[in-house]
Amino acid sequence: MTHVSAEAALLRDALETDSEEEFSREPLGNGTVAGFRVTEGDRTLAVYVDTSGIAVEAETGLAQEGVGRIWTHPADPHLPALAAAAFGSAAQTLLARLDIAGVEAPEMVAYRPGRRAVLKVQTAEGMLWIKIVRPRHVERIVAAHRALRDARVPKVRAWSPTGLLVIDQAEGTPATHADWTPAGLVDAVERVRVAIGATPTDQRTRSAALTRVDWYADRLASLDAVFGERASALRAVLATTPASRETTVHGDLHFGQLFMNADASEITGLIDVDTLGRGDAAEDPAAFVSHAVASWALAVDSAPSAVRRLADLVATAGERWGRDPAVAGRTAAQLLGHTTSALESGHRERAERLLVEAEAWTSRVGI
């Protein structure tokens, strides 16, 4: 008998369908938000089941008190500005109010249900970005952009209390396309960390991979018993991960957030500062290292030179920051998250590589 998840059962009961296909799942609040493809006639809809328990200003789908809610994309009740901004005419109207002409239809480049969405819009004056967040977070993000102007964070052109921001393009070339050397990039990241650390803020960072270890282990167990058993074996050690000093951190620092100058010697732009706040100094190096490992695991079938460069970046970053048990534990926790995503998407070999790395980083916690 095929196992049916609680979210799928809720969806079947609400929509009287059994043609759903789960395509995403991640922790949210005190529960989960799971995405399903549901076929209705000749249409396929993206439908989300949310058991987070997070209150919203207005429901946009079906809600059952104490159980969960169901909505159809883009009517995300946590992101009330999304449905309107996702369509070309709305983006054109919005940007016209800012005297921006030549606005093309927006393109959705990232969506984390219940958390945020990012759209890019080509205009006559260049690329602009529309970010949709929960309304209660928008003023915090605006403040973070203002505080980090010296760290070359792009300017917020306009924002709305409904959770919508219009943000300039970052200056420079994305680090993912820049010709950096591993040592040069790690040095540049360290300089950015110093600049961020000197930024005053009263906010707390929301990044806390260590708090999600149990969720990752349980999710891996639901997908594959062997993966779940191995992940569960890491829990006790990761629970002993020490704290480091408190400082201002980015909260999600990796080379996908960085832009660089022509010779890739300096970082000229820093994006996605939504998670900026006071937190453990080990959070940012752990995020950088774990993302570098995940990029290496993704690139193993690419050109050998690209794989070697990413492997060198992992080694260089690990040498710089990885001897600190506080960094090692947080790196392992984030790698469990990457492992979960890989296994959910059906990439078992990549998930295996990532879990091996998580185990190796966990072994450093007690050193």
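Shown above is the structure to which this text applies.
Given the structure is predicted, the values throughout are model-derived calculations rather than measurements.

S.K.: Explain the packing of helix H9 (residues 283-299) against helix H11 (residues 325-344) to me, please; I cannot follow it from the model alone.
M.R.: Relative orientation and spacing of two packed helices are given, respectively, by the angle between their axes and the distance between those axes. Here H9 crosses H11 at 45 degrees, and the two axes come no closer than 8 Å. In terms of axis orientation, H9 runs oblique to H11. Relative to H11, the crossing made by H9 is right-handed. Within the contact between the two elements, H9 uses Glu283, Pro285, Ala286, Ala287, Val289, Ser290, His291, Val293 and Ala294 and H11 uses Val327, Arg330, Thr331, Gln334, Leu335 and His338. For the contact of H9 with H11, the class distribution of residues is eight nonpolar, five polar and two charged.

S.K.: How should I be thinking about the pairing of strand E14 (residues 267-270) in this particular structure?
M.R.: Walk down a regular strand and you will see the side chains alternate between the two sheet faces. Sheet topology note: the strand E13 (residues 258-260)/E14 ladder contains three bridges and is antiparallel. Counterpart to phenylalanine 259 in the pairing with E14 is glycine 269. Joining the antiparallel neighbours E13 and E14 is a turn of six residues, in which alanine 264 adopts a positive phi near 55 degrees.

S.K.: Got a minute to help me understand the packing of aromatic side chains in this structure?
M.R.: Between two aromatic rings, the relevant description is the distance of the centres plus the angle of the planes. A complete count under the given rule lists seven aromatic pairs for this structure. When the ring of tryptophan 180 is compared with that of phenylalanine 255, the centres are 6.1 Å apart and the planes differ by 50 degrees; the resulting orientation is tilted. Placement of the pair is tryptophan 180 in the loop between strand E11 (173-174) and helix H5 (182-197) and phenylalanine 255 in the loop between strand E12 (246-249) and E13, with a sequence separation of 75 residues. Each member of the pair, tryptophan 180 as well as phenylalanine 255, is classed as buried. Here the aromatic residues Phe23, Tyr48, Trp71 and Tyr111 are joined through ring pairs into a cluster of three or more. Sitting over the face of the ring of phenylalanine 227, arginine 230 holds its NZ or CZ atom 6.0 Å from the ring centroid.

S.K.: Help me understand the nonpolar core, please; the structure alone is not making it clear to me.
M.R.: Soluble globular proteins: nonpolar side chains tend toward being buried together. Ranked by size, the top nonpolar core spans 62 residues in total, and within it Leu185, Phe255, Leu258, Phe288 and Leu336 carry the most contacts. In terms of residue count, the dominant contributor to this core is H11 (nine residues). When sequence neighbours within four positions are dropped, the list of residues in contact with phenylalanine 288 reads Leu185, Val189, Leu253, His254, Phe255, Leu258, Leu313, Ala317 and Trp321. Formed by 22 residues, the second largest nonpolar core is a distinct cluster that contains Val33, Leu82, Ala85 and Ile130.

Conventions adopted
- Residues numbered from 1 in each chain as written.
- Predicted model: local features only at pLDDT ≥ 70, side-chain atom pairs only at ≥ 80, totals over all residues.
- Heavy atoms only, no water.
- Axes fitted to C-alpha atoms, helices over the stretch in contact; angles between N-to-C directions.
- Helix = DSSP H or I, 4+ residues; strand = E, 2+ residues; numbered from the N terminus.
- Parallel < 35°, antiparallel > 145°, perpendicular 65-115°, else oblique.
- Left-handed = near helix turned anticlockwise from the far one by under 90°.
- Contact = heavy atoms within 4.5 Å.
- Nonpolar A, V, L, I, M, F, W, Y, C, P; charged D, E, K, R; others polar.
- Pairing = 2+ DSSP bridges.
- Phe/Tyr/Trp six-rings, centres within 6.5 Å; stacked < 30°, edge-to-face > 60°.
- Buried < 20%, exposed > 50% of the residue type's maximum accessible area, 1.4 Å probe, protein only.
- Lys NZ or Arg CZ within 6 Å of the ring centre and 35° of its normal.
- Core = buried A, V, L, I, M, F, W, Y, C linked by side-chain atoms within 4.5 Å.

So yeah, pure geometry; function would need other evidence.
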